Structure formats: C-alpha cells, structure tokens
Amino acid sequence: MIILDIAFYTFIIVVGIQVLFYGIIFNSLTRHKIIKPKLKSISVSVIICAKNEAENLKEFLPLILAQTYSNFEVILINDNSTDDTLDVMEDFKEKHNNIKIVNVKPIEKFWGNKKYALTLGIKAAKNDFLLFTDADCKPLSNYWIQAMSSHFTKEKSIVLGYGAYKKIKGSFINKLIRYETFLTAIQYLSYAKLGQPYMAVGRNLAYRKQQFFEANGFMQHMHIKSGDDDLFINQIANASNTEICISKDSFTQSIPKQTFKNWILQKRRHISTANHYKLKHKLFLATFYSSQLLFWTLAITLMVFMYEWKIVLVLVLIRFTVQLINLFISSKILNEKDLPLLSPFLELFLIIFQFFIFIKNMISKPEYWK
C-alpha cells in the first residue's frame, strides 16, 4: 500500500531526527564537565515573589536565610496577598536584618501581573547580582547562593539553574510532572550549552540587575501575564552572556501540583507563553515534539499492519537505546535517577497530554498568576 510505504519512509526520517536530538543535541548536557568555579564574594539579592504563600514561607524561608554565604539580602515581594503572607514576612523581618519587604498594591494597568510585582522588587534590591526562586521552593543545599553566584563573570550575566520537584511516593501524576520537568531541563540546558539559550525557570535563575534595566525590564512582553522567567530569558540570553549551573549544591526543589487538573492549568500557561518565543526556538521545540508524536504514531501503525516489522522493530530499539543512554546519564547529573526506566511509558502519556493542551489552548485562554 502506498500509504504504508509513505509511513515507513517517514518513520525512518523521524527516527533519524529523534536520534539527532537525543544522541547529539541533548548530549551537550551529558558532555558538560562540572568544573567548580572560583568562589566569589559578590553581594547577592535573593528575590522571592509571593501571593498567598504564608505557610510555604514559614517552611522554606528559613532555608534561604540559613545559606552559607557572607553577603546577601532577601527581597520579599507581597503581591497583593489575601492571606497572612505579609504578616509572616514582617515576622521574619523582625528577626533578620537582611530582609527587605516590598508590599505591592494592585493597580488597574497591571492587575494580576507578576511582572509588575517583580519589577518593584528588582528596583528595591540594593545589589547588582539577583537570584530568583519561588515561595514554595527550597534550596537543596546550604551552598545554593554560593554555587549559583560563582558562575557570574565579566561576560556571563545570566545563570540558568535546575529547579526540581519533590518526589511523592506512589503518585503517577508526580512521576509525570517530574519527568516533564526533567526533559524540559535537558532541553534548555543543552541548548544553552550549544549557544542557543531560550528559556529558564524562575524557581532557580540568576541575572544581573544591570542586564534587566538595559533590556528595559519586562516591557517588551508586559502585556503577556506569564513569562517573567522564560520570555525574559528568551529575549536577552545569548551564547556569550549565559552560563548553566548544574552542580548538585545549586539545585532547588518545589512542591508539585497533585492533581491532573491543576497541573494541566499550569502547563497551559507554560505552553501559551512558548508561542511568544523567537521563531528559531519555536522551530526547535516544534520539531522535537512533532518527531516524538510521529515516532509513536507511525511505530504503532506500522507494527499493527506488520509492515516491514523487522526493520521497524530495529529502528524502534535504536531510538529507545539512544534515548535511554542520554536519559540515564542526564538523570545522574540532575539527580533524577528513578525516571529513565519509566521514560517510554511517561513519554507516551506526556505526548497525549501535551496534544490535549495544545487543542485546549486553541479554544480558550489559560488562567495566569493566581
């Protein structure tokens, strides 16, 4: 059948594309040598934007304040919270003289826009070197500030870190969320190593205040409520000003969504934001996702019809072998060692959910910052 002939030769091309991604492009992360940079004594401002995060601040802020670093301040931004967030911030400020509170009042022009709140916090920071994380996030080491800030140089004004999610035993949605986060990190860290940085996560990101104002802050995309991390990095990052930090001392860990509904709402925001990336970055991401979708669709179709099934089976094994080798090595680097063995199963579910989210976003707009 002509249709199956076309499907077969298309499948060969798709497998080649997938091997290219996992064997060469994403291999740039696995080849990265973790060299401990020379320690610096630069002054750092840790910026945390919180909206209704009273309980998380009580739990995680002490871990920030306990960092083994000589000179840092913590900028706490209360973004019009309706719970006890501001009271919690003020309690901490009474006990620590390196805390500064920015209490954001809502204005009609920037209603519900986290970028406006972050801008006020950045302006309030006294230091040029800024380190960002979330209120529901904790550093996994007392040397987090030290590890991230050590990668700043005269040339490198942006440092991309890894923000993991907490493991929840026996939870499938947790495995899926962590796998998606793990795979996304492999992509943005690999592309950064190849000189094509395109995004970051606000759970673990650092850049210079000077860089922020030279780029006119978030004004280029202030009308888009999401993207304070990835859109901003997509705008300003390049091969010469960006470095990655993947030492285990630099990792952070956040509380993941625990229901499919909440996770899908979160991913809808992320995917809608990606539509505003630079064209070349959208093409990279679209090619990878399309090749994943076609790999599964064509492999299943060809095997069902037993069309050249021996060749198809060999190609499937080659693709999975290259993928698993990359994922196993990457999992050791990013400390996600329980994920690679489940990757074929998790990947299939993730592709289905992403396709559903794409369709959903075409029908209606996703919700944004709380």
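Residues numbered from 1 in each chain as written. Predicted model: local features only at pLDDT ≥ 70, side-chain atom pairs only at ≥ 80, totals over all residues. Heavy atoms only, no water.

A.B. asks: How do you make sense of the side chain of serine 190 when you look at a structure like this?
C.D. replies: For serine 190, the location among the structural elements is in helix H7 (residues 172–193). If we skip the residues at most four places from it in the chain, serine 190 touches Ile25, Phe26, Ser28, Leu29 and Ala185. (Helix = DSSP H or I, 4+ residues; strand = E, 2+ residues; numbered from the N terminus. Contact = heavy atoms within 4.5 Å.)

A.B. asks: Mind showing me how you'd approach the packing of helix H1 (residues 2–25) against helix H12 (residues 309–334) here?
C.D. replies: Helix-helix packing is described using two parameters, namely the angle between the two axes and the distance between the axes. Taken N-terminus to C-terminus, the directions of H1 and H12 make an angle of 15°; their axes are 9 Å apart at the nearest point. Between H1 and H12, the angle is such that the two are roughly parallel. Two packed elements cross with a definite hand, and for H1 against H12 that hand is left-handed. Contacts between H1 and H12 involve Phe8, Phe11, Ile12, Val15, Gln18, Val19, Tyr22 and Gly23 from the former and Ile311, Val312, Leu315, Val316, Ile318, Arg319, Val322, Gln323, Asn326 and Leu327 from the latter. Class assignment for the residues of the contact of H1 with H12 results in 13 nonpolar, 4 polar and 1 charged. (Axes fitted to C-alpha atoms, helices over the stretch in contact; angles between N-to-C directions. Parallel < 35°, antiparallel > 145°, perpendicular 65-115°, else oblique. Left-handed = near helix turned anticlockwise from the far one by under 90°. Nonpolar A, V, L, I, M, F, W, Y, C, P; charged D, E, K, R; others polar.)

A.B. asks: Please explain a nonpolar patch on the surface as it appears in this structure.
C.D. replies: Together, Met306, Trp309, Leu313 and Leu317 line one region of the surface with nonpolar side chains, adding up to about 380 Å² of accessible area. Residue position: tryptophan 309 is located in helix H12. (Patch = residues over 30% accessible without salt bridge, like charges linked within 9 Å, V, L, I, M, F, W, Y side chains within 5 Å. Areas by Shrake-Rupley, 256 points an atom, 1.4 Å probe, with all protein chains shown as cover. Salt bridge = Lys/Arg side-chain N within 4 Å of Asp/Glu carboxyl O.)

A.B. asks: What am I meant to see in the state of the cysteines here?
C.D. replies: Disulfides are covalent bonds that connect the sulfur atoms of two cysteines. Following the criterion strictly, the structure yields 0 disulfides and no others. Here cysteine 49 stays unpaired: no disulfide links it, and the sulfur of cysteine 137, its closest cysteine neighbor, is 14 Å away. Residue class for cysteine 137 comes out buried when judged on its relative accessible area of 2%. (Disulfide = S-S within 2.5 Å. Buried < 20%, exposed > 50% of the residue type's maximum accessible area, 1.4 Å probe, protein only.)

A.B. asks: How should I be thinking about the pattern of salt bridges in this particular structure?
C.D. replies: Proximity of charged atoms lets side chains of opposite charge pair with each other. For the structure shown, the criterion picks out 8 salt bridges. With a shortest N-O distance of 3.8 Å, aspartate 134 and lysine 114 are connected by a salt bridge. Of the two residues, aspartate 134 is situated in strand E4 (residues 129–134) and lysine 114 in helix H5 (residues 114–124); the sequence distance between them amounts to 20 residues. Under the relative-accessibility criterion, aspartate 134 is labelled partly exposed at 21%. Overall, lysine 114 belongs to the buried group, its relative accessible area being 10%. Among the salt bridges present, the one from arginine 208 reaches aspartate 128, with a minimum N-O distance of 2.5 Å. With arginine 208 in strand E8 (residues 205–208) and aspartate 128 in the loop between H5 and E4, the pair connects residues that are 80 residues apart, well separated along the chain. Overlapping salt bridges bring together Lys167, Lys175, Arg178, Glu336 and Asp338 as one network.

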